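# Understanding the architecture of this molecule
Residue-level listing of the chains:
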Amino acid sequence: MREITYLEAIREAMQQMMRINPDVYLIGEDVAEYGGAFGVSVGMLEEFGKERIRNTPISEDAVIGVATGSAVTGMRPIAEIMFSDFITIAMDEIANQAAKIRYMFGGKAKVPLVIRTAGGGGTGAAAQHSQSLEALIAHIPGLKVVMPSCPYDAKGLLIAAINDDNPVIFIEHKLLYKNKRYIQHVPEEIYEIPLGKGDIKRDGKDVTIVATSFMVKKCLEVSEQLKTDYAIDCEVIDPRTIRPLDIDLILESVKKTSRLICVEEACGFGGFMGEVAAQVAEYGFDYLDAPIIRITGRNCPVPYSLVLENEMIPNHERIKKGILDLLRKN
Amino acid sequence: MKNFLIIDGHKIKDSYWELEKSLMIEMLQKMYEIRFFEGETEQFIIKGQIHGTCHLYVGEEATAVGAIYASEKKDYITSTHRGHGHCIAKGGDLKLMMAELLGKATGYCKGKGGSMHIADVTSGNLGANGIVGGSIDIATGAALTCKMKEKDKIVLCFFGDGAANRGNFHGSLNMASIWNLPIIYICENNQYGMSTPIKEAFNIKRISDRKCAYNIEGLTIDGNNLVEVYNTIKHFSEYCRSGKGPVLVECLTYRWKGHSKSDAQVYRSKEEVKEWMEKDPIIRYETFLIENGVLSKQEAIEVKEKAIKAIEEAVSFAEDSPFPDPSTVEEDVYA
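Residues numbered from 1 in each chain as written. Chains lettered and ligands numbered in written order. Predicted model: local features only at pLDDT ≥ 70, side-chain atom pairs only at ≥ 80, totals over all residues.

## Comments concerning the overall build of chain A
The condition is simple: Secondary structure elements are defined from DSSP: runs of H or I of at least 4 residues count as helices, runs of E of at least 2 residues count as strands, and each element is numbered from the N terminus. Our radius of gyration is a C-alpha quantity, and the globule rule it is checked against amounts to 2.2 Å times the number of residues to the power 0.38. As a rule, residues whose C-beta atom has 12 or fewer other C-beta atoms within 10 Å are exposed, those with 20 or more are buried, and those in between are partly exposed; C-beta atoms are placed from the backbone. Two residues qualify as a contact pair if the distance between their C-beta atoms, derived from the backbone, is within 7 Å.
Helices and strands together make up the secondary structure of chain A, namely twelve helices and 14 strands. Relative to its length of 330 residues, chain A is compact, with a C-alpha radius of gyration of 19 Å against a globular reference of 20 Å. The C-alpha extent of chain A, read off along each of the three principal axes, is 60 × 45 × 40 Å. Looking at the 330 residues of chain A, the share that counts as buried comes to 56%. Of the contacts made within chain A by residues no fewer than 6 positions apart, 79% connect residues no fewer than 24 positions apart.

Okay, here's the thing in structure tokens:
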């Protein structure tokens, strides 16, 4: 069975969808000859040509506005925003236009738009190229937000996103793109993973860990250590799409483990895991034997120095300590 | 009649006289419909029956009507927060429009959009927009669809002088130029961005001079002269449709009413308003039709009465319509 990287899975999803649907095209800065800043679309220009692998000037606002306008009129654009930090430049187009067109027009329009963007830190790129802004966009009704943590999910979720008639923000993680450690078997055929369906990445009975994107990988690694060193059995849940949110899957798990730890890379204040914690408190309070714990990015911009960046973004030690504290094993 | 006109230095075919007489008269009626629709809307505002705000198009009717009648039914338009005129000119249903303003379930957007979000995508009206300049890049995207897929269509993108200073104006015109998109950017220069006069917002005499920055065609015309608007847009819609790329047309006009319902208009003089009201685009066009023997004075009165009747019917429909069921509030968020 072939195993491919996260980046290759994303590229394959785009290629296969572009082959079967002429309305699908890729638009963004440096997506053509360069293949995108991270190389996701390398080779696609040769197959699909410059009309459908459309390089743009550096105008993120207009890129998203143009993609939105073409989506409303029948195309299915995939717009690449190089770094997720730059979605703020296109925030009018995302928050005021794409997200709201359908509702404002009384349900008489659809916006089949995918915005692919690279999020997260750990690359030493500092405050303007490392953010995790998912909460900012997930807050806005009308948008769907997807954060795949592995190649299999990335392909199936991106295909579902392209087929979806709503604007979908698809946040990829830079540390997953080419990492051979996380290669995985990915079917060659086209398949969809429904948006709004989470996945249990590791079965366990002692504590439920909800994590997104690259944090899923860290939590899985910590879970193995805790199994070996402390015989603690963690259940790791990856919601995969943070809006719509598969809260039922999380509640089911909490019902079993009675403990919840939420792990996210973003700054904690106002973050997405606050929503998860709130919903579990609202709908699953009786299942809980302990307070809900959040392990999040520290409440500061992402710093440059490796030492500081490691402090800002949840690392293995911090996650491990959080779990041990919750289970009173320290 | 002359075959060609010189409009702002451009040799433009005088297509107006190729029109069917009925269409010449229909344009007058559309202008009256806009005028009276806005009149009724203002009354609703005064009576407190409009829940939100409205931005009235009174005084600018020739721009929307002349431009949209010069395009084809299949073409796309995008509109602005001052959008009633574009919607009516595009053939929008007055009843559904008025019902929307009153927040009724029968409105264009089921009461979810209101004045600033009326759209009718199936007829090519991609909507009013509450964000100044918010539709410039959406229109450009529609033009990309025209280029990639719906190759016989073009886009008319309406926006005001204020929107010409938004960042996406630059991003969009630049992209339209490099990709040679079939779109006419129609800047309705009504002299004020809310209260700010153009001289405080621009250090250029003509907004159409910005064409140079994008190496595209552009010109400034009298937006209160329906025939000039029609001929110019007709000329450039053929230009766009034949693949020659985007155009920037500045239409000089004036809004008679305040920016919105809460505007005390302290920033302009009564004399200035009066001066522009003397350039009333409707009286000018009606006089033109009568002087050219297209219409008799009596027929002009009938056109006006027809428009009044259409608005009265729209008002009755809107008033008699039910409000939306509160339980529908979370419907239509997602497809």
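## Structural notes on the sheet that holds strand β8 (residues 217-222) of chain B
All names here are of chain B. Our working definition: What makes two strands pair is DSSP finding at least two bridges between them. Axes here refer to lines fitted to C-alpha atoms; in helices the fit is confined to the stretch in contact. Angles between the N-to-C directions go from 0 to 180 degrees.
Reading across from one edge, β3-β4-β5-β9-β8 is the order of the five strands in this open sheet, with parallel pairing throughout. On the outer flanks of this sheet lie β3 (76-78) and β8, each paired with one strand and no other. For this sheet, the mean angle separating the axes of adjacent strands, direction not counted, is 20°. Where strand β4 (residues 155-160) and strand β5 (residues 183-189) come together, six bridges link them in parallel fashion. Each residue of the ladder has a partner; that of Cys157, found in β5, is Tyr185.

## Examining the sheet that holds strand β9 (residues 199-202) of chain A
Residues and elements named next belong to chain A. The strand order β9-β11-β10-β13-β14 describes an open sheet built from five strands, whose pairing is mixed. In this open sheet, the two edge strands, each paired with only one partner strand, are β9 and β14 (293-297). In this sheet, adjacent strand axes meet at a mean angle of 25° when their direction is disregarded. Sheet strands touched by helix α8 (residues 214-230): β9, β10 (207-211), β11 (234-238) and β13 (260-267). Its angle to β11, the strand with the most contacts, is close to 170°.

## Notes on the interface of chain A and chain B
Inclusion rule: Residues are grouped as follows: nonpolar covers Ala, Val, Leu, Ile, Met, Phe, Trp, Tyr, Cys and Pro; charged covers Asp, Glu, Lys and Arg; every other residue, Gly included, is treated as polar.
In this complex, chain A contributes 33 residues to the contact, which on the side of chain B involves 34 residues. Listing elements by their share of the side of chain A that touches chain B, those giving two or more residues are α3 (60-72), α4 (91-98) and α5 (101-104) of chain A. In terms of residues, the side of chain A that touches chain B owes the most to one element, α3(A), which gives nine residues. Looking at the side of chain A that touches chain B residue by residue, the classes come out as eleven nonpolar, 14 polar and eight charged.

## Comments concerning the nonpolar core
Rules: We call a set of buried Ala, Val, Leu, Ile, Met, Phe, Trp, Tyr and Cys residues a nonpolar core when their C-beta atoms link them within 7 Å. Segmentation into domains, and thus their bounds, comes from an automatic or database assignment.
With 194 residues, the main nonpolar core has Cys157(B), Ile183(B), Ile184(B) and Val249(B) as its most contacted residues. Shared between two domains, this core holds at least three residues of each, these being domain 1 (3-185) and domain 2 (199-326) of chain A. In this structure, Ile183(B) is in contact with Ala139(B), Thr140(B), Ala143(B), Ile154(B), Val155(B), Cys157(B), Ala176(B), Cys240(B) and Pro246(B), ignoring residues within four places of it in sequence.

## Concerning the confidence of the model for chain B
Applied cut-off: Scored from 0 to 100, pLDDT records how confident the predictor is in each individual residue.
When pLDDT is averaged along chain B, the result is 96, and 99% of the positions lie at 70 or above. Overall fold confidence (pTM) sits at 0.96, and the ipTM for the predicted complex is 0.95.

## With respect to the domain arrangement of chain A
Residue and element names in this part refer to chain A. Its domain assignment divides chain A into domain 1 (3-185) and domain 2 (199-326). Between domain 1 and domain 2, the C-alpha centre-to-centre distance is 26 Å. Residue-level contacts link 26 residues of domain 1 with 24 residues of domain 2. Across the side of domain 1 that touches domain 2, the residue classes break down as 14 nonpolar, nine polar and three charged.

## So, the pairing of strand β5 (residues 114-119) of chain A
All names here are of chain A. Here β5 lies mainly inside the structure; six of its six residues are buried. Residues Val114, Arg116 and Ala118 point to one face of β5 and Ile115, Thr117 and Gly119 to the other, with burial holding for every one of them. Alignment of strand β4 (residues 76-83) against β5, held across five bridges, turns out to be parallel. Paired with Ala79 across the strands is Ile115, a residue of β5.

## As for helix α12 (residues 297-320) of chain B
We apply this condition: By this rule, a helix spans an expected 1.5 Å times one less than how many residues it contains.
With 24 residues, α12(B) extends 35 Å between its outermost C-alpha atoms, agreeing within 8% with the 34 Å of an ideal straight helix rising 1.5 Å per residue. Of the residues making up α12(B), those classed as buried are Val303(B), Ala307(B), Ile311(B), Ala314(B), Val315(B) and Ala318(B).

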